[in-house]
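An overview of the molecular structure
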Amino acid sequence: MVLATSSITTDPFVGRRSELAKLRDHIDAGRRLVTVVGRGGTGKTRLVQEFVRELRDTFEGGVWFTDLTEADDLEGVFSAVAAGLGVYLGERAPARQLGRAMRGRGRALFIFDNFEQVLTLAPNTVDAWSLEAPEALFIVTSRRPLELDGEHVLRLGPMPPEDGLRLFNQRRTHACRDFSQSPESDAQVTDIVDRLDGLPLAIELAAASMRAVGVFTLAAGLQVGTPGKDTLGNTLRWSWGQLTPPERLALAQSAVFQGGFTLTSAEAVIHLDAFGEDGDVMEALEGLADHNLIRILEPSPGVRRSRLYVSVRRFAQRMMKDPKAIIGPQGPLSGPMAWEALTNRHSAHYATLGRTEQLDALHRHGGDTRRHNLGSEIKNLLAGAEAALRTGDVKAAAGCALAGLAHFEIAGPLGSGRALATRALSPKTLPPPLRVRLLIALGNIMSLMGDADDAEAALEQAVRTAYVVGLRRDGARAESALGEHCRNQGRIDEAMTNLEGALAAQRHSDDPAGHALTLNRLGNLLALDRDLERVARAQGYYTEALAIAQGVGDRRTEGRLMSNLGSLHLDHGRMDDARRCYESAVSIAREIGDRRGEGIRLANLGGLLTESGATAEALPQLERALRLAREIGDHPGEALALTNLGEAHLTLGNDARAEACLRQGMTAFEDLKSPYVGAGRIGLAALHTRARRFPEARRLLDAAEPPLRDYDAHLYCKLWCRRAENELAATESGPFR
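What counts, and at which threshold
In this convention, every chain numbers its residues from 1, walking through the sequence in written order. For a predicted model such as this one, the threshold for reporting local features is a pLDDT of at least 70, and the threshold for listing and counting side-chain atom pairs is 80 or more; totals across whole chains, interfaces and linings nevertheless cover every residue. Heavy atoms throughout the structure, all of them, feed into the side-chain values; hydrogens and water do not. Numbering of helices and strands starts at the N terminus; helices are DSSP runs of H or I of at least 4 residues and strands are runs of E of at least 2. Using C-alpha atoms as the atom set, the radius of gyration is obtained and then compared with a globule rule of 2.2 Å times the number of residues to the power 0.38. Burial status follows relative accessibility: with a 1.4 Å probe on protein chains alone, a residue under 20% of its type maximum counts as buried, one over 50% as exposed, and anything between as partly exposed. As used in this record, nonpolar core signifies buried Ala, Val, Leu, Ile, Met, Phe, Trp, Tyr and Cys residues forming a set joined through side-chain atoms within 4.5 Å. Here, two residues are considered to be in contact whenever any of their heavy atoms come within 4.5 Å of each other. To define axes, lines are fitted to C-alpha atoms, for helices over the stretch in contact only, and angles between the resulting N-to-C directions are given on a 0 to 180 degree scale. Angle categories: roughly parallel below 35 degrees, roughly antiparallel above 145, roughly perpendicular from 65 to 115, and oblique for all the rest. In this scheme the handedness of a crossing depends on how the near helix is turned from the far one: anticlockwise by less than a right angle means left-handed, clockwise means right-handed. Only Asp, Glu, Lys and Arg are considered charged in this grouping, and only Ala, Val, Leu, Ile, Met, Phe, Trp, Tyr, Cys and Pro are considered nonpolar; every other residue, Gly among them, is considered polar. The rule for pairing is simple: two strands pair if DSSP sees at least two bridges between them. Nonpolar side chains (Val, Leu, Ile, Met, Phe, Trp, Tyr) within 5 Å and like charges within 9 Å form the patches, drawn only from residues with over 30% relative accessible area and no salt bridge. Working definition of accessibility: Shrake-Rupley area with a 1.4 Å probe, residue cover restricted to the visible protein chains. Each salt bridge in this description consists of a side-chain nitrogen of Lys or Arg and a carboxyl oxygen of Asp or Glu lying within 4 Å of one another. Counting rule for charge: Lys and Arg are taken as positive, Asp and Glu as negative, and neither His nor the chain ends is counted. For charged residues, the charge sits on one atom: NZ in Lys, CZ in Arg, CG in Asp, CD in Glu. What a helix should span is 1.5 Å times the count of its residues minus one. Stacked, tilted and edge-to-face are the three classes assigned to paired rings of Phe, Tyr and Trp, where Trp is represented by its six-membered ring and a pair needs centres within 6.5 Å; plane angles under 30 degrees give stacked, over 60 edge-to-face, the rest tilted. By definition, pLDDT measures how confident the predictor is in each residue, and it falls between 0 and 100. The reported arc concerns the directions from the helix axis to the C-beta atoms and nothing else.

Another aspect to go through is the overall build of the chain. For the chain, the helix and strand inventory stands at 35 helices and 10 strands. A globule of 737 residues ought to have a C-alpha radius of gyration of about 27 Å, and the chain, at 30 Å, matches this closely. Expressed as lengths along the three principal axes of its C-alpha atoms, the size of the chain is roughly 105 × 65 × 40 Å. The buried share of the chain, taken over its 737 residues, is 56%.

Okay, structure coming up:
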């Protein structure tokens, strides 16, 4: 499997057979870190992509490709790698979480492309991950070596003349199909390739210009200068000269995007109005693609994104900032003022993704596709927020930030979300509605990070501000979030007060997503109770929320509610209803690509099947849950799967396997400071009872009781059943037990 933030190209690969063989020899010899080194334009990325294409099936754990072009700090590296691996970064130690995810994939290949701008971070990333994941192999592309122990460097030099000629002719055929090849033209091409220093990207750019000029004109006009002296820059300037004025302006303005862009975004940000009817954005982009200056990618079916090569983007940005680079019918179209106007349009466009109606759409039909698309724009959103803050456009900055926070809350890293919210909240002139929404997002993220005091302060401020200025909808959302925070802190009465206040407001507002969320939170709160009347109310809240989620097409919330209903049914012995709900929740998680949710729900389903006597059915569910949790570095999910897997083996009489799983699960829950450490103690107590070590079983059950007493009714009942079994067995064993 290959998950890539940059799609693998389908263009035919030309040459570099000896370098491919050397790369393969390194990997076959078990060399775990290979860095492909070469200057810009030498084809490092393309070489590695071809290696992957030829050998992807030889890595049982998959091949995972991450483009680090836009990363410039540790958080940026973590975010890019997590996106490539499909990992939710919800822990305080993202480097360790990613290392666990890599380890969980076994013998897998991890490729980090364009590492040169984060070289100083190699010890905290690549080096640390290679230690954490001993079966993993790493290929890095960079302009310089990483200087790590165990690193093997493969240097890419110029293409041999014969390969350069083949590459030029292959790309030229695509650009100009009616070209008539002859010995004279081959001689000219050989000369062109030689003057281009055998640099693949420069050769491709020159070949693409054959659509507009002949080979003899190209050879005469392409004055590259001294070999090795900015060959690529000179070739880019030549290509620039072959563009039409609208294409030049479109290329220059494309430099404002980070991480690529859609046609919709291009048409909103790129302005070619100065050229009248000739200023068609789509037509200009197609021309740039023909010149090989823009890549058209399809990262998912039906979604097309345009992207500039790193070198091309830097060149285009210089052109856009140069007041003499682009002259239109009425005067200069480039320069510092033009660049500022461009960045303002960019910020304003991406700020629209943070509007209330756009974020509400994430919870309606097609919401998960919109979430995926939103994740693709995270680099543009971050750039848009920063640019808007620099110019004092606090509304645009807040809009970009709110859209980015919707992504970070779902996908992580939470630290990046916290930093973004804090920056967006810094202007004192921020309008109250935007401040409230940012405070809610910040409070939710800090609560997930375990920063209880800061989370509570942010949410309380959001509640006060919202109700003072009459923002009923936002106030209810803030109050609901505060109620959930109080529940997590064990302050049940405060939680109930806040949640019921939020619900009263939401019953009279047009906020189905917020309404369903509050109902779910109330259900979770009441489900902890042993009072049957309150449990019945919990089921009623879940059912009402489920109807709302199904009505608006919010599959993610629907899956969460089905899982919660399953747990409620399990707590009260309704095993068939519980199984139906869990199976539905698993199916929804698979449908929307929620691997973390799928793993947790499979673990719950496996636990239910074990308790229902269907242990043979439970084992494959639990083993898949464990595999999923390890692949995405989900420590809580791994702890749950291990604990339930231990119970399954306990039921089957596989005592050694049961003890190993239960102890691993208990250790993981202890690391997380989770009350569910008691679940492992309950299982280990049963093993001690079976081995007639009754005092040891009592000590484990005594230790398990306090955290579970007010936290999980089902496990608390199970604890007392195991206690009774232990005491009965001790009594039957004799008076001295």
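Let us keep going from here.
One finds Leu251 and Leu438 to be the most contacted residues of the largest nonpolar core, which totals 121 residues. Looking at this core, the element that brings in the most residues is helix 19 (residues 394-411), giving 11 residues. When neighbours within four sequence positions are excluded, leucine 438 is seen to be in contact with Ala398, Ala401, Leu402, Leu405, Ala424, Leu425 and Leu430. Ala133, Ala136, Val140 and Leu146 belong to the second largest nonpolar core, which has 32 residues in total.

At their nearest, the axes of helix 18 (residues 378-391) and helix 19 sit 8 Å apart, and the two run at 150° to each other. The angle between the axes of helix 18 and helix 19 places the two elements in the roughly antiparallel class. Judged by the twist between their axes, the crossing of helix 18 over helix 19 is left-handed. The segment helix 18 lies against helix 19, with Ile378, Leu381, Leu382, Gly384, Ala385, Ala388 and Leu389 engaging Ala396, Ala397, Cys400, Ala401, Ala403, Gly404, His407 and Phe408. Within the contact of helix 18 with helix 19, the residues separate by chemical class into 12 nonpolar, 3 polar and no charged.

Here we come to the pairing of strand 5 (residues 137-142). Here strand 5 lies mainly inside the structure; 6 of its 6 residues are buried. Burial along strand 5 is two-sided: Leu137, Ile139 and Thr141 facing one way and Phe138, Val140 and Ser142 facing the other are all buried. Pairing between strand 4 (residues 109-113) and strand 5: 4 bridges, direction parallel. Bridging from a neighbouring strand, phenylalanine 112 pairs with valine 140 of strand 5.

For the rest of this paragraph, the subject is a negative patch on the surface. Taken together, the side chains of Glu267, Glu277, Asp278, Asp280, Glu283 and Glu286 present a region of like negative charge at the surface. Residue placement: aspartate 278 occurs in the loop between helix 12 (263-269) and helix 13 (281-290).

This paragraph deals with helix 30 (residues 615-631). Here helix 30 contains 17 residues, and its C-alpha end-to-end distance of 24 Å stays within 8% of the 24 Å for a straight helix at 1.5 Å per residue. Those residues of helix 30 lying buried are Thr615, Ala618, Leu619, Leu622, Ala625, Leu626, Leu628, Ala629 and Glu631. Taken together, the buried residues of helix 30 touch helix 4 (94-103), helix 29 (595-611) and helix 31 (635-652). After helix 30 finishes, the residue glycine 633 shows a positive phi value of roughly 65°.

Turning our attention to the packing of helix 11 (residues 245-254) against helix 13. Packing of helix 11 against helix 13 leaves a shortest axis separation of 9 Å and a crossing angle of 85°. Considered as vectors, helix 11 and helix 13 are oriented roughly perpendicular to each other. Contacts from Pro246, Glu247, Ala250, Leu251 and Ser254 in helix 11 reach Ala284, Leu285, Gly287 and Leu288 in helix 13. The class makeup of the residues in the contact of helix 11 with helix 13 is 6 nonpolar, 2 polar and 1 charged.

Here we take up the packing of aromatic side chains. Following the criterion strictly, the structure yields 8 aromatic pairs and no others. When the centroid spacing of 6.4 Å and the interplanar angle of 55° are considered together, the rings of phenylalanine 78 and tryptophan 129 count as tilted. Note that phenylalanine 78 is positioned in helix 3 (residues 74-85) and tryptophan 129 in helix 5 (residues 126-132), a separation of 51 residues in sequence. Residue class for phenylalanine 78 comes out buried when judged on its relative accessible area of 5%. Among the residues examined, tryptophan 129 registers a relative accessible area of 1% and is labelled buried. Centroid distance phenylalanine 669 to tyrosine 676: 6.1 Å. Interplanar angle 40°. Geometry classified as tilted. Exposure remark for phenylalanine 669: the relative accessible area of 5% places this residue in the buried category. The exposure class of tyrosine 676 is partly exposed, given its relative accessible area of 28%. Of the aromatic side chains, those joined through ring pairs into one cluster are Phe78, Phe110, Phe112, Trp129 and Phe138.

Time to look at the confidence of the model for the chain. Low pLDDT means the predicted atomic positions in that stretch should not be read closely. Of the residues in the chain, 92% have a pLDDT of 70 or more, and the chain-wide mean is 88. Per-element confidence in the chain is highest for helix 15 (residues 336-351), whose mean pLDDT is 97, and lowest for strand 1 (residues 2-4), whose mean pLDDT is 42. The low-confidence segment residues 1-8, where pLDDT is below 50, has 30 contacts with residues more than four positions distant or belonging to other chains. Below pLDDT 50 for its whole length, residues 224-228 participates in 7 contacts with residues either more than four positions away or in separate chains.

Turning our attention to the side chain of glutamate 50. By the secondary structure assignment, glutamate 50 is in helix 2 (residues 44-55). Leave out the neighbours within four places in its chain, and glutamate 50 touches Phe13, Arg17 and Leu20.

Moving on to helix 28 (residues 575-592). Over its 18 residues, helix 28 extends 26 Å from the first C-alpha to the last, a length consistent with the 26 Å expected when each residue adds 1.5 Å. Among the residues making up helix 28, those that are buried are Ala578, Cys581, Tyr582, Ala585, Val586, Ile588, Ala589 and Ile592. Burial along helix 28 is one-sided: seen end-on, the buried residues are contained in an arc of 165°. Each element contacted by the buried residues of helix 28 is listed here: helix 17 (367-376), helix 27 (555-571) and helix 29. Of the residues trailing helix 28, glycine 593 is marked for its positive phi of about 75°.

In total, this model carries 43 salt bridges according to the counting rule given. Across the salt bridge formed by arginine 537 and glutamate 500, the nearest N and O atoms sit 3.5 Å from each other. Here arginine 537 is found in helix 26 (residues 532-552), whereas its partner glutamate 500 is found in helix 24 (residues 492-506), with 37 residues between them in sequence. Classification of arginine 537 as partly exposed rests on a relative accessible area of 32%. In this structure, the salt-bridge partner of glutamate 638 is arginine 630, at a minimum N-O distance of 2.9 Å. Taking relative accessible area as the criterion, glutamate 638 reaches 11% and is therefore assigned buried. Connected through shared salt-bridge partners, Glu611, Glu647, Lys718, Arg722 and Glu725 make up one network.

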